[in-house]
Amino acid sequence: MLVERECFELAEVADELGLKDPVIRELVWSGKLRICIRLVSQQVERYYWEEVDHNEHVYVPLGKKWVNTLAQLSTADAYRLVRSGEVVACNVELPEGVFAELREGDGLRLGKVDALVTRANLQALRRNAGKTVEAERKVDIDFRYFEFDGMTFSFSHTQAKALKYMSEQDRKGVSELQYLEILDAAGSSSQRMASLFSRHPGWKRLLVIVPGRRGYYKLALDFREWLRRVSL
């Protein structure tokens with residue numbers, strides 16, 4: 001008998017769509033990928049927030065209940081899970097739109113193996129993946145010479161290859177790249193990004209260091225958005 005699955009393990013989704021860890025983190029952070037977990041014979045304290053005034057809410061308890069269901073992690077907990085590989089989730093959202101406190105506030109310790117993606121979310125990701133492939137067929141700018149944010153940038157062939165590679169990877173969803181990968185893609189013999197762009201101090205206006213990830217770079221947010229507009 002064929003059973004239609006209601007959710008899929010995050011590892012399965014990553015393999016099917018070719019999503020690397022930086023892409024997954026970006027999707028979770030942006031809210032495009034919502035992470036669920038399965039609660040099995042868990043007693044939870046249900047509650048919701050009732051709006052009593054503009055931007056003012058009151059906690060309304062609904063009592064304890066044993067549940068067997070899918071529950072959605074908050075964006076913060078989901079990001080911690082895909083970032084560090086584990087998280088202690090104290091609160092989740094149930095399918096009926098109410099929230100649940102887990103283990104009387106002590107929470108559940110979760111690992112990446114617990115991360116699930118609903119069928120609807122997977123279908124949305126598949127559609128976005130198709131759009132990304134289509135976007136790759138668009139004409140890109142000449143990274144050797146362009147104007148951005150009122151400034152004129154002129155780069156060498158190797159520097160331009162590095163920028164172009166980062167832009168192409170970003171359109172594929174890989175926004176955070178290790179500097180050695182960038183240098184290799186550009187065909188540079190330099191050992192550091194600063195050495196590659198040593199004669200062009202304006203490069204730090206376009207590329208920024210990823211906080212908490214030594215040696216990783218990404219496109220500056222406004223430059224990234226501008227690239228996506230002019231590349232369409």
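Okay, so let's go over this structure.

## A look at the packing of helix α2 (residues 21-30) against helix α3 (residues 75-84)
Where α2 meets α3, the closest approach of the two axes is 9 Å, and the angle between their N-to-C directions is 175 degrees. Regarding the angle of α2 to α3, the classification is roughly antiparallel. In this structure, α2 uses I24, R25, V28 and W29 to contact α3, whose residues at the interface are T75, A78, Y79, V82 and R83. Grouping the amino acids of the contact of α2 with α3 by side-chain chemistry returns six nonpolar, one polar and two charged.

## Describing the sheet that holds strand β13 (residues 216-219)
Across the sheet, which stays open at both edges, the three strands sit in the order β11-β13-β12 with antiparallel pairing between neighbours. Only two strands of the sheet have a single neighbouring strand rather than two, namely β11 (177-178) and β12 (207-209). Sheet analysis places β11 next to β13, joined by two bridges and oriented antiparallel. Note that in β13 the partner of L177 across the bridge is Y217.

## Examining the pattern of salt bridges
A complete count under the given rule lists 15 salt bridges for this structure. Among the salt bridges present, the one from R224 reaches E26, with a minimum N-O distance of 3.0 Å. One end of the pair, R224, is in helix α8 (residues 221-230); the other, E26, is in helix α2, with 198 residues separating them in the sequence. Relative accessible area serves as the criterion here: at 15%, R224 is assigned to the buried category. As a salt-bridge pair, R109 and E86 come within 3.7 Å of each other at their nearest N and O atoms. Taken together, the residues span a long stretch of sequence, with R109 in strand β7 (residues 108-111) and E86 in strand β4 (residues 86-89) at a distance of 23 residues. Since its relative accessible area comes to 59%, R109 is described here as exposed.

## Some details on the pairing of β4
Residues of β4 alternate between two faces, with V87 and A89 buried on one and E86 and V88 left unburied on the opposite face. Note that β4 and β7 share four bridges and pair antiparallel. Bridged to A89 within β7 is L108.

## Examining α3
Working note: α-helix, 3.6 residues per turn, so residues spaced by three or four point in the same direction. Where α3 is concerned, the buried positions are D77, A78, L81 and V82. The buried side chains of α3 occupy one side of the element, clustering within an arc of 125 degrees when seen end-on. Following α3 by one or two positions, G85 adopts a phi angle in the positive range, close to 95 degrees.

## Here we look at the packing of helix α5 (residues 157-171) against helix α6 (residues 179-186)
The geometry of α5 relative to α6 is characterised by a closest axis approach of 8 Å and an angle of 120 degrees between their N-to-C directions. Comparing their axes, α6 and α5 come out oblique. When you trace α5 past α6, the crossing you get is right-handed. Every residue of α6 that contacts α5 at T158, K161, A162, Y165 and M166 is listed here: E181, I182, A185 and A186.

Cut-offs applied
Within each chain, residue numbers correspond to sequence positions counted from 1 in written order. Only residues with pLDDT of at least 70 are given local features in this predicted model, and only at 80 or more are side-chain atom pairs given and counted; all residues enter the totals for whole chains, interfaces and linings. Hydrogens and waters are ignored; side-chain quantities use all the structure's heavy atoms. Lines are fitted to the C-alpha atoms to define the axes, a helix being fitted only along its stretch in contact, and any angle between axes, read from their N-to-C directions, falls within 0 to 180 degrees. Put simply, DSSP H or I for four residues or longer makes a helix, DSSP E for two residues or longer makes a strand, and each gets a number counted from the N terminus. Roughly parallel covers angles under 35 degrees, roughly antiparallel covers those over 145, roughly perpendicular covers 65 to 115, and oblique covers all other angles. The contact rule is simple, with two residues in contact once any of their heavy atoms fall within 4.5 Å. Polar here means any residue outside two lists: the nonpolar Ala, Val, Leu, Ile, Met, Phe, Trp, Tyr, Cys and Pro, and the charged Asp, Glu, Lys and Arg; Gly therefore counts as polar. Here, a strand pair is defined by DSSP locating no fewer than two bridges between the strands. Take a side-chain nitrogen of Lys or Arg and a carboxyl oxygen of Asp or Glu: if they are within 4 Å of each other, that pair is a salt bridge. Any residue under 20% of the maximum accessible area for its type is buried, any over 50% is exposed, and the rest in between are partly exposed; the area is computed with a 1.4 Å probe on protein chains only. Regarding the arc, it is the one traced by the directions from the helix axis to the C-beta atoms. Crossing handedness follows the turn of the near helix against the far one: under a right angle anticlockwise gives a left-handed crossing, and clockwise gives a right-handed one.

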